[in-house]
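Report on the structure
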Amino acid sequence: MTLKKNYAGILGTGFYVPEKILTNDDLSKIVDTSDEWITERTGIKERRIAADDEATSDLAIKAAESALKDAGVTPDELDLIVVCTLTSDRIVPSTACMIQHRLGAKKAAAFDLSAACSGFAYGLSVASQFIETGVYSKALVIGAEALSKYINWEDRNTCVLFGDGAGAAVIGNVEEGYGILSFDLGSDGSGGDAIQIPSSGSRLPVSKETIDQRLNLIHMNGKDVFKFAVKAMGNTVKHSLEKIDMPQEKIDWLVPHQANIRIIQSAAKRLDMPMDKVILTVQKYGNMSAACIPIALAEAASEKRFKKGDIIALSGFGAGLTWASCIIRWSKDN
Ligand code: ACO
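Residues numbered from 1 in each chain as written. Predicted model: local features only at pLDDT ≥ 70, side-chain atom pairs only at ≥ 80, totals over all residues. Heavy atoms only, no water.

Here five strands make up an open sheet; going across it, the order is E1-E7-E6-E4-E5 and the pairing mixed. Only two strands of the sheet have a single partner each, and these edge strands are strand E1 (7–16) and strand E5 (109–113). Adjacent strand axes in the sheet meet at a mean angle of 20° when their direction is disregarded. Sheet topology places E1 next to strand E7 (residues 164–174); nine bridges connect them, and they run antiparallel. Residue pairing across strands places Tyr7 opposite Val174, the latter belonging to E7. Contacts between helix H4 (residues 95–103) and the sheet are confined to strand E4 (80–84), E5 and strand E6 (138–146), with E4 contributing the most and set at about 130° to the helix. Sheet strands in contact with helix H5 (residues 119–132) are E1, E4, E5, E6 and E7, and its direction is about 165° off that of E6. (Pairing = 2+ DSSP bridges. Helix = DSSP H or I, 4+ residues; strand = E, 2+ residues; numbered from the N terminus. Axes fitted to C-alpha atoms, helices over the stretch in contact; angles between N-to-C directions. Contact = heavy atoms within 4.5 Å.)

Mapped onto the secondary structure, His257 falls in the loop between strand E11 (253–256) and helix H9 (261–270). Taking relative accessible area as the criterion, His257 reaches 1% and is therefore assigned buried. A polar atom in the side chain of His257 sits 3.3 Å from the side chain of Asn287. Those residues in contact with His257 that sit more than four places away from it in its chain are Cys117, Met233, Ile264, Asn287, Ser289, Cys292, Ile293, Ser315, Gly316 and Phe317. (Buried < 20%, exposed > 50% of the residue type's maximum accessible area, 1.4 Å probe, protein only. Polar contact = N/O pair within 3.5 Å; in protein donor to acceptor, adjacent residues only side chain to side chain.)

Both faces of E11 are covered, namely the face carrying Trp253 and Val255 and the face carrying Leu254 and Pro256. Relative to strand E12 (residues 311–318), E11 is paired through four bridges, and the arrangement is parallel. Paired with Pro256 across the bridge in E12 is Ser315.

Quick look at the domain arrangement of the protein chain now. What the domain assignment reports for the protein chain is domain 1 (7–178) and domain 2 (180–329). Facing the 55 residues of domain 1 at the interface are 49 residues of domain 2. Here domain 1 is connected to domain 2 by two salt bridges. Across the pair Lys308 and Glu175 runs a salt bridge, and its minimum N-O distance is 2.5 Å. Counting every contact that joins domain 1 to domain 2 gives 19 residue pairs in polar contact (both at pLDDT 80 or more). If you tally residues by element for the side of domain 1 that touches domain 2, the top one is H5, at nine residues. Among the residues forming the side of domain 1 that touches domain 2, the class breakdown is 25 nonpolar, 18 polar and twelve charged. (Domains from an automatic or database assignment. Salt bridge = Lys/Arg side-chain N within 4 Å of Asp/Glu carboxyl O. Nonpolar A, V, L, I, M, F, W, Y, C, P; charged D, E, K, R; others polar.)

So, on to the site of the ligand. Taken together, 28 residues lie around the ligand, and Thr33, Arg41, Cys117, Lys223 and Asn260 are the ones closest in. For the ligand, an oxygen atom lies 2.6 Å from a polar atom in the side chain of Arg41. A distance of 3.0 Å separates a nitrogen atom of the ligand from a polar atom in the backbone of Gly222. Protein chains bury 76% of the 1,000 Å² of accessible surface belonging to the ligand in isolation. Every element with two or more residues in the shell around the ligand is listed here: helix H2 (35–42), helix H6 (156–159), helix H8 (222–243), H9 and E12. When residues of the shell around the ligand are assigned to their parent elements, the largest contribution, four residues, is made by H8. Here the shell around the ligand is composed, by residue class, of 15 nonpolar, eight polar and five charged. Mapping the shell around the ligand onto the domain boundaries places at least three of its residues in each of domain 1 (7–178) and domain 2 (180–329). (Near = heavy atom within 4 Å. Areas by Shrake-Rupley, 256 points an atom, 1.4 Å probe, with all protein chains shown as cover.)

So, in structure tokens, the structure goes:
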């Protein structure tokens, strides 16, 4: 195990999902699909949809307040706020700055991080570096998405998959040997076209024409992403474990990105993990990109499923293409 000056870990977690529930049966009235197809191919039964006047920051702030309360940390103690999202309220300013203002986190630096569904594991790894080096003592990492605003409700290949929500974690110093023990981050931009919003930035600015062609909404080659994901999810956890010479049998809990139950089952199999050790939310919330892992983590923590000392592996993959994992020794008492 590498010797560190300070150990960075999770002090508290929180999450929020919008009230509106969209079931598979509801979707079958909008596009040519069925509860049977969606359940069998994805494991998703329902998802949450943000209200018309609810943006990513509105979801994020509720998750953040809940995480701060759980951690017993006040906003003015925060040194850093990282918001992991691909659905920021606006391109400029960052959603992190909106959260900084709304929380009243006066001394916090704030920025958004774009790594799609791998975002939260990326964000946790980045924030932990500031804590371990002693530069900062408290950071807030949020994964938040209002993906429903970017869904083509006429495309059955994508509209059944996504949902909205936010999860957050407060990061700070923990006892020696606890907290974020290792991480693995990766990218392969050659697969960038597999998941994209073609008209969303300076390459093809949004215009009447691009809106008419639905180019301002999510486009995905599901099969390509599926093939990439089944390998990436297990491999990135193995790489994180190798860095600390930890055998995979030591993992007590897998908290995976929740895109598709078949991808999760395949990752669990690669890691020889029984499904009762895998935290699942995919059936009730669907794929909320960067929000999936922190919501699953916060929900499981609120249900007191983790005990102090448990080894938790977070594993994500997503647009970019990106992948990321973290190995955490849980430092909180139940
Ligand atoms: N209802 C009914 N039929 C459908 C639906 C639907 N909602 N969607 C697709 N079909 C049809 C297709 O048209 C196709 O019909 P055809 O054979 O007549 O052409 C058939 O079902 C099979 O389609 P496939 O694409 O082969 O289905 P597959 O088993 O691959 O499942 C899925 C599709 C669920 C999208 C899967 O490929 C997947 O989960 N991919 C990964 C997606 C992912 O993980 N994205 C995460 C990243 S997102 C991010 O980073 C923001």
